[in-house]
Amino acid sequence: MINGEHVYICNIMSTTSYLSDRINNLSESATLKMTKLGRELASKGINVISLSVGEPDFNTPDNVKDAAKKALDENYTRYSPVPGYPELRQAIVNKLQNENGLVYEPSQIVVSTGAKQSLSNVILTLINPGDEVIIPTPYWVSYSEMVVLAEGKSVFIDTDIDSDFKITPAQLEAAITPKTKLFMFSSPCNPTGSVYSKDELAALAKVFEKYPNIFILSDEIYEHINFIDKHESIAQFEPIRDRVIIVNGFSKAFAMTGWRLGYIAANKEIAAANDKLQGQTTSGTCSIAQRAGIIAYNDGLESVQQMKEAFVRRRQLVYDLLNDIPGVKTNLPEGAFYFFPEISSFFGKKDAKGNVIKDSSDLALYLLNEGHVATVGGDSFGNNNYIRLSYAASDEALTEALRRIKEALSKLS
Ligand code: PMP
Ligand code: GLU
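We now turn to the structure provided with this report. Predicted model only: the values in this text are computed from it and were never measured. Every chain begins its residue count from 1, and numbering advances along the sequence as written. Written order decides the labels, with chains lettered from A and ligands numbered from 1. Note on the predicted model: pLDDT of at least 70 is required for a residue's local features to be given, and 80 or more for side-chain atom pairs to be given and counted; whole-chain, interface and lining totals, by contrast, use all residues. For side-chain calculations, the full set of non-hydrogen atoms in the structure is used, while hydrogens and water are omitted.

1. Quick notes on the site of ligand 2
- One heavy atom within 4 Å of a molecule or strand is enough for the residue carrying it to be called near that molecule or strand. Of all residues adjacent to ligand 2, which total 13 residues, the nearest are T31, G54, K116, W140 and R388.
- Here T31 contributes a side-chain N or O atom positioned 2.6 Å from an oxygen atom of ligand 2.
- Contacts described as polar in this section are N or O atom pairs within 3.5 Å, which, within protein, must combine one atom able to donate a hydrogen with one able to accept it, while residues neighboring in sequence count only if both atoms come from side chains. Side-chain polar atom of K116 to an oxygen atom of ligand 2: 2.9 Å apart, as the coordinates give it.
- The Shrake-Rupley method, run with a 1.4 Å probe, gives the accessible areas here. Residue values count only the displayed protein chains as cover. Look at ligand 2: alone it shows 280 Å² of surface, and the protein chains cover 88% of it.
- Class assignment of the residues belonging to the shell around ligand 2 gives a composition of 5 nonpolar, 5 polar and 3 charged. All amino acids are sorted into three groups, where Ala, Val, Leu, Ile, Met, Phe, Trp, Tyr, Cys and Pro are nonpolar, Asp, Glu, Lys and Arg are charged, and the leftover types, Gly among them, are polar.

Structural data, given as structure tokens:
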């Protein structure tokens, strides 16, 4: 509230005639939009708790920061090779071998400006207009919009909380058509935190064995934030291995979101194509971030372990607090740092001014304006009955945020 008035913020989607259809047809990223709205409210002096953007609240580990300082002193300040420094590509190859038991050559690795660019590169590399991309819902917001940019067609497979947001082989097979070119998913999943087991991945891989023209984009950026077991990659199944493109990066595991460092591991043709695309668009990513990435991978996972312990504790905290809110239903996520609770029981209810909550985005805006907690509506992730909360925040902030959410929801009638 400012001067006794509620500050209602809304977002207006506009199209402009001289802009390309490509950009006019593209939606704004909901995660970044809600984060921006939260910041705008905070700049008016309001205490906003942001659970909207998914980024670790930890600092980048000291050894990684030191490597960046050293890189500057050693004048790593010029263009790097487009697919990344050889030492970084080698460090990634070693990591894939040692941690995942997957054998790649450096020529199969392309380093990019974040996993986001890696995903976009792969889609632009594989998708012709009209090609179908199968995406299980809920999915990370940018997947479907990247397909829009490539003029492909997203084909969604819906899941819900009762199946722990995971698809079955039968659902996958039913979604395949002669136009299917790509299947893309994340495990651990953003936004649900669900993790596919080795057996579940093996069953999906068996389906893909029957369809040799389909590629599989496996987004493994939350690999190290897995609370149940060791990470399993769908690339481990030899019969489909050549068609799997792994996307991974440094943002989540090493709290390096601002450094913009991601990569793909793929067959040589796809890797070379990504190299060519990147050579005409962004060139190699930041030289200093890459030098720091070499140290991050070569020095091991101690800092990741510490972050994971904090996430396990916070997951339990938020799980208990969510279960204490009438009308909210949640599962216990097995990885990543998000909850994706069911909130559809609030649809149709009204706030104090008589505004009706019609969908999950309305509810997220209501929680921001009334409770001053930034979340993201599930509709942007392909499932309208949910909202996403990131629990990459301090225990105190989470406790207060969940108190505010409970209070705001109790005011709807
Ligand atoms: N994939 C998923 C599932 C994500 O949550 C993110 C987070 N932004 C990304 C890819 C992109 O990560 P980045 O570009 O920061 O490496
Ligand atoms: N992956 C994060 C999220 O889902 C970062 C924001 C973004 O790039 O969308 O919130």
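2. Some remarks on the pairing of strand β4 (residues 153–157)
- If DSSP finds at least two bridges between two strands, the strands pair. Counting from the N terminus, the helices are the DSSP runs of H or I reaching at least four residues and the strands are the DSSP runs of E reaching at least two. Note that strand β3 (residues 132–136) and β4 share 5 bridges and pair parallel. Looking at β4, one finds that I134 is bridged to V155.
- We call a crossover right-handed when, viewed with both strands directed away from the observer, the connection leading from the first strand over the helix to the second proceeds clockwise. After leaving β3, the chain enters helix α6 (residues 142–149) and then returns to the sheet as β4, a path that is right-handed.

3. Regarding the environment of N323
- You can see N323 is positioned in helix α11 (residues 302–323).
- For the pair N323 and P341, spaced 18 residues apart in the sequence, the C-alpha separation amounts to 9.7 Å.

4. Concerning helix α8 (residues 198–209)
- Spanning 12 residues, α8 covers 16 Å between terminal C-alpha atoms, matching the ideal 16 Å at 1.5 Å per step.
- Among all positions in α8, only L201, L204, A205, V207 and F208 are buried. Along the axis of α8, the buried positions cluster into a sector of 155°, meaning they face one direction only. Every exposed residue of α8 that faces more than 90 degrees away from the buried side is listed here: D199 and K206.
- On its buried face, α8 is in contact with α7 (169–175), β5 (180–186) and β6 (215–219). Residue count minus one, scaled by 1.5 Å, sets the expected span of a helix. Note on classification: 1.4 Å probe, protein chains only; a residue is buried when its accessible area is under 20% of the maximum for its type, exposed when over 50%, partly exposed between these limits. For this quantity, the arc is that covered by the directions from the helix axis to the C-beta atoms. We call two residues in contact when some of their heavy atoms are within 4.5 Å.

5. So, the site of ligand 1
- Surrounding ligand 1, one finds G114, A115, K116, L119, W140, N190, D219, I221, Y222, S251, K252 and R260.
- A115 places a polar main-chain atom, nitrogen or oxygen, 2.7 Å from an oxygen atom of ligand 1.
- A distance of 3.0 Å separates an oxygen atom of ligand 1 from a polar backbone atom of K116.
- Protein chains bury 93% of the 390 Å² of accessible surface belonging to ligand 1 in isolation.
- With 4 residues, the single largest contributor to the shell around ligand 1 is helix α5 (residues 114–126).
- When its residues are assigned to classes, the shell around ligand 1 shows 5 nonpolar, 3 polar and 4 charged.

6. A look at a nonpolar patch on the surface
- Nonpolar side chains collect at one region of the surface, where Y18, L19 and I23 lie side by side and expose about 340 Å² of accessible area between them.
- Among the secondary structure elements, Y18 is positioned in the segment before α1 (21–24). Patch membership needs two things, relative accessible area over 30% and no salt bridge, and members are linked within 9 Å if like-charged or within 5 Å if nonpolar (Val, Leu, Ile, Met, Phe, Trp, Tyr). We count a salt bridge whenever a side-chain nitrogen from Lys or Arg sits within 4 Å of a carboxyl oxygen from Asp or Glu.

7. A few points about the nonpolar core
- Within this scheme, the nonpolar core is defined by two criteria: the residues are buried Ala, Val, Leu, Ile, Met, Phe, Trp, Tyr or Cys, and they are joined through side-chain atoms within 4.5 Å. Within the largest apolar cluster, 77 residues are counted, with the highest numbers of intra-cluster contacts made by I123, L363 and L409.
- When residues no more than four places from it in sequence are discounted, the contact partners of L363 are I343, F346, I357, I387, L409 and L412.

8. Notes on helix α12 (residues 360–371)
- A rise of 1.5 Å per residue sets the reference length of α12, with its 12 residues, at 16 Å; its end C-alpha atoms lie 15 Å apart and thus fit the reference within 8%.
- By the criterion of burial, α12 is predominantly enclosed, with 10 of the 12 residues buried.
- Taken together, the buried residues of α12 touch α2 (30–43), β10 (373–374), β11 (376–377), β12 (387–390) and α13 (395–410).
- The backbone nitrogen of S361 lies 3.2 Å from a side-chain oxygen of the residue at the head of α12, namely D359.

9. What about the side chain of Q278?
- Structurally, Q278 is set in helix α9 (residues 268–281).
- With a relative accessible area of 0%, Q278 lands in the buried category.

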